[in-house]
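Summary of the model geometry
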Amino acid sequence: MCSHNHLNESCHNKILCPQCDLLVALPVLEQGTKASCPRCHTVLSAKWKYPANQPTAIAISALVMLVIAGLFPYVKMSVMGIESQISLLNIAHAMFDVNYASLGWFFILFVVAVPAFCMVAIILLCQKVNLPLWLKINLARTLFQMKTWCMVEIFLAGVLVSFVKLMAYGDITLGISFVPYCFFCLLQVRAFQCLDRYWLWQQIGEIPKLETPLQEGKSGISQGVRSCHICMAILPAERKYCPRCHAKGYVRRPNSLQNTVALLISSLILYVPANVLPVMVTNTLGSRLDSTIMSGVILLWGDGSYPVAIIIFIASIMVPSLKILAVGWLCLDAKGYGNRDPARMHFIYELVEWVGRWSMIDVFVIAVLSSLVQMGRLMSVSPAIGAILFAAVVILTMFAAMTFDPRLTWDRCNVVSQSRIRLEKGLQGG
Ligand SMILES: [Zn+2]
Ligand SMILES: [Zn+2]
């Protein structure tokens, strides 16, 4: 980091927690240290040894692995002498073939395109490639917004579940692509981990200056300032557009609770048909079997695959319903009903945000099965309408958690006894 940036850091050593709106002092961090909010434990900044080169190297390796994974067969299956194999690209192709283009697009976007875009964006931004400023700003903005939609690891889990389901029917072997794909999965998660958002935005532009003196240990809203939800700059509350990243923002997301509740109700309406209608149709020697999410779980249980049955039951049935309840509870709590400990409510919020994406596992299982099991009259699997409805439920609940403003949970308590930032040493590789 150049001396110019160092100077910049010590002048603007205050940071407003984007999750709980607490103002804390950010000291000049030692190498390998991460600083997290004393109140909600969100990581605010981390100082890596090679803040630019480490994410770049990992992102490049991830892209190489993705290319290798796309070239070769991914999984092979043989049933009574008939062989079938798929590559990553086949999976989307098979969805288009059976007229489930939405699932095909879904796969291309969340498993291949979005993660690949994020890796390219990390390389371009970290290496300070000579790009126009507006492009850099837009790349960085999309990069952090797309993070939740990278579902590589969930797809991988879906593939593993499909194996277990298929083992009852034939021989399953892993193709050459499988190992590079696992590496791609690990590397893209790691690339995000080693990239410090606070640092990255400092490379793009200086933190906008603020005239008003700020007091640590108090909320931003009580001091007339807000945190930019994109670049973490502290801005005057009435300022709509951030001068650094040009993102529109508010002190509190307008109509956050109304929008969240509306999304919850929509997902609840779709939740019923998503569970009642079949998600998958299996044709074996002319006999047709429609399966719903629950009947899939029962079948796995009956086959003796208890761990997988439990995983699918938790991910597809418990998580979406508990998530709808939990987000509804968060809304009620933020509205002032009930008097819960904000730290506990915040933990629920984080859990809901993290765990919600994993419900997609069953959608990916259906995608893998219906592209791999295409053996003519002997056996074929195709998706059914329930799969799309179920994917819609998960996406809606993800949006519901996103529109919920977590700062509302903390607004009841204004003064905090402990305002010192938490420092933790020992970042791996830092
Ligand atoms: Zn916080
Ligand atoms: Zn900003």
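Residues numbered from 1 in each chain as written. Chains lettered and ligands numbered in written order. Predicted model: local features only at pLDDT ≥ 70, side-chain atom pairs only at ≥ 80, totals over all residues. Heavy atoms only, no water.

An unreviewed UniProt entry lists the chain under the name Membrane integrity-associated transporter subunit PqiA, with Arsenophonus nasoniae given as the organism. Checking UniProt for the chain, the heading Sequence similarities (unreviewed entry) contains the comment "Belongs to the PqiA family." If you open the UniProt record of the chain and go to Subcellular location (unreviewed entry), you find "Cell inner membrane". (UniProt positions renumbered as here; feature names shortened; annotations may be inferred.)

Secondary structure summary: the chain contains 15 helices and 14 strands in total. Taken against the 2.2 N^0.38 rule, which gives 22 Å for 430 residues, the C-alpha radius of gyration of the chain at 24 Å falls within 12% of a compact globule. For the chain, the residues scored as buried account for 52% of the 430 residues in total. Taking the contacts inside the chain whose residues are at least 6 apart along the sequence as the reference set, 73% of them involve residues at least 24 apart. Counting every atom, the chain has about 19,500 Å² of accessible surface; 63% of that belongs to carbon and sulfur. (Helix = DSSP H or I, 4+ residues; strand = E, 2+ residues; numbered from the N terminus. Rg over C-alpha atoms; globule rule 2.2 N^0.38 Å. Buried < 20%, exposed > 50% of the residue type's maximum accessible area, 1.4 Å probe, protein only. Contact = heavy atoms within 4.5 Å. Areas by Shrake-Rupley, 256 points an atom, 1.4 Å probe, with all protein chains shown as cover.)

The protein atoms that coordinate the zinc ion (ligand 1) are Cys17 (SG), Cys20 (SG), Cys37 (SG) and Cys40 (SG), at distances spanning 2.2 to 2.3 Å. Around the zinc ion (ligand 1) sit four donor atoms; with metal-centred angles ranging over 101 to 117°, the donor geometry is tetrahedral. (Donors = N, O, S within 2.8 Å, 3.2 Å for Na, K, Ca; no water. Tetrahedral: all angles 85-135°; square planar, octahedral: opposite > 155°, others 65-115°.)

For the coordinates displayed, the defined rule picks out 16 aromatic pairs. Aromatic pair Tyr349 and Phe404: ring centres 5.8 Å apart, planes at 45°, arrangement tilted. A residue pair is termed long-range when its members are at least 10 positions apart, and Tyr349 in helix α12 (residues 342–355) and Phe404 in the loop between α14 (385–403) and α15 (407–410) qualify at 55 residues. Classification of Tyr349 by relative accessible area gives buried; the value is 6%. Residue classification places Phe404 among the buried positions, given a relative accessible area of 1%. (Phe/Tyr/Trp six-rings, centres within 6.5 Å; stacked < 30°, edge-to-face > 60°.)

The subject of this paragraph is the domain arrangement of the chain. The assigned domain composition of the chain is domain 1 (12–47 + 206–236) and domain 2 (255–415). Taken over C-alpha atoms, the centre of domain 1 sits 34 Å from the centre of domain 2. Contact residues are listed per partner, giving 11 residues for domain 1 and nine residues for domain 2. Carbon and sulfur atoms supply 47% of the area buried between domain 1 and domain 2, which totals about 910 Å² over both sides. It is Gln19, Arg39 and Cys40 in domain 1 that bury the most area against domain 2; as a group they hold 48% of the surface buried on that side. Summed over the shared surface of domain 1 and domain 2, the number is zero salt bridges. In this assembly, domain 1 and domain 2 are joined by one residue pair in polar contact (both at pLDDT 80 or more). (Domains from an automatic or database assignment. Buried area = accessible area lost by both parts, 1.4 Å probe. Salt bridge = Lys/Arg side-chain N within 4 Å of Asp/Glu carboxyl O. Polar contact = N/O pair within 3.5 Å; in protein donor to acceptor, adjacent residues only side chain to side chain.)

Looking now at the side chain of Ser78. Assignment of secondary structure puts Ser78 in strand β5 (residues 75–79). Given a relative accessible area of 18%, Ser78 falls into the buried group. Excluding residues that lie within four positions of it along the chain, Ser78 makes contacts with Glu83, Gly170 and Asp171.

On to the sheet that holds strand β6 (residues 82–86), then. The three strands lie next to each other as β6-β5-β7, forming an open sheet whose pairing is antiparallel. A single partner strand is all that each edge strand has here, and the edge strands are β6 and β7 (171–174). Strand-to-strand twist of the sheet, defined as the mean angle between neighbouring strand axes without regard to direction, takes the value 15°. Relative to β7, β5 is paired through four bridges, and the arrangement is antiparallel. (Pairing = 2+ DSSP bridges. Axes fitted to C-alpha atoms, helices over the stretch in contact; angles between N-to-C directions.)

Turning to the environment of Ala59, a few remarks are in order. Tracing the backbone shows Ala59 in helix α2 (residues 53–71). In this structure, the C-alpha to C-alpha distance between Ala59 and Ile15, residues 44 residues apart in sequence, is 28 Å. When neighbours within four sequence positions are excluded, Ala59 is seen to be in contact with Met119, Ile122, Ile123 and Ala191.

Here the structure, examined in full by the defined rule, presents zero disulfides. Here Cys182 stays free of any disulfide, with the sulfur of Cys185 as its closest cysteine sulfur at 7.0 Å. Cys194 carries a free sulfur, and the closest cysteine sulfur to it, the one in Cys126, is 9.7 Å from it. What makes Cys194 buried here is its relative accessible area of 0%. (Disulfide = S-S within 2.5 Å.)

This paragraph deals with the coordination of the zinc ion (ligand 2). Around the zinc ion (ligand 2), the donor atoms from the protein are Cys228 (SG), Cys231 (SG), Cys242 (SG) and Cys245 (SG), and they sit 2.2 to 2.3 Å away. Around the zinc ion (ligand 2) sit four donor atoms; with metal-centred angles ranging over 98 to 118°, the donor geometry is tetrahedral. Along the chain, the residues donating to the zinc ion (ligand 2) are arranged with the sequence spacing C-x2-C-x10-C-x2-C. Of this pair, Cys228 sits in the loop between β8 (225–227) and β9 (234–236) while Cys245 sits in the loop between β9 and α9 (256–276); the two residues are 17 residues apart in sequence, bridging distant segments of the chain. The same class applies to Cys228 and to Cys245, which are both buried.

Right, let's get into unusual backbone geometry. Residues other than glycine seldom take positive phi values, yet Asp21 does so here, at roughly 65°. By relative accessible area, which is 1% here, Asp21 ends up buried.

Spatial ordering of the open sheet is given by β11-β10-β13-β12, a layout of four strands whose pairing is antiparallel. At either end of the open sheet lies a strand with only one pairing partner, and these are β11 (287–291) and β12 (374–375). Examined bridge by bridge, strand β10 (residues 280–284) and strand β13 (residues 379–383) share five bridges and lie antiparallel to one another. Of the residues in β13, the one forming a bridge with Val281 is Ser382. Against the sheet, helix α13 (residues 361–372) engages β10, β12 and β13, with an angle of about 140° to β13.

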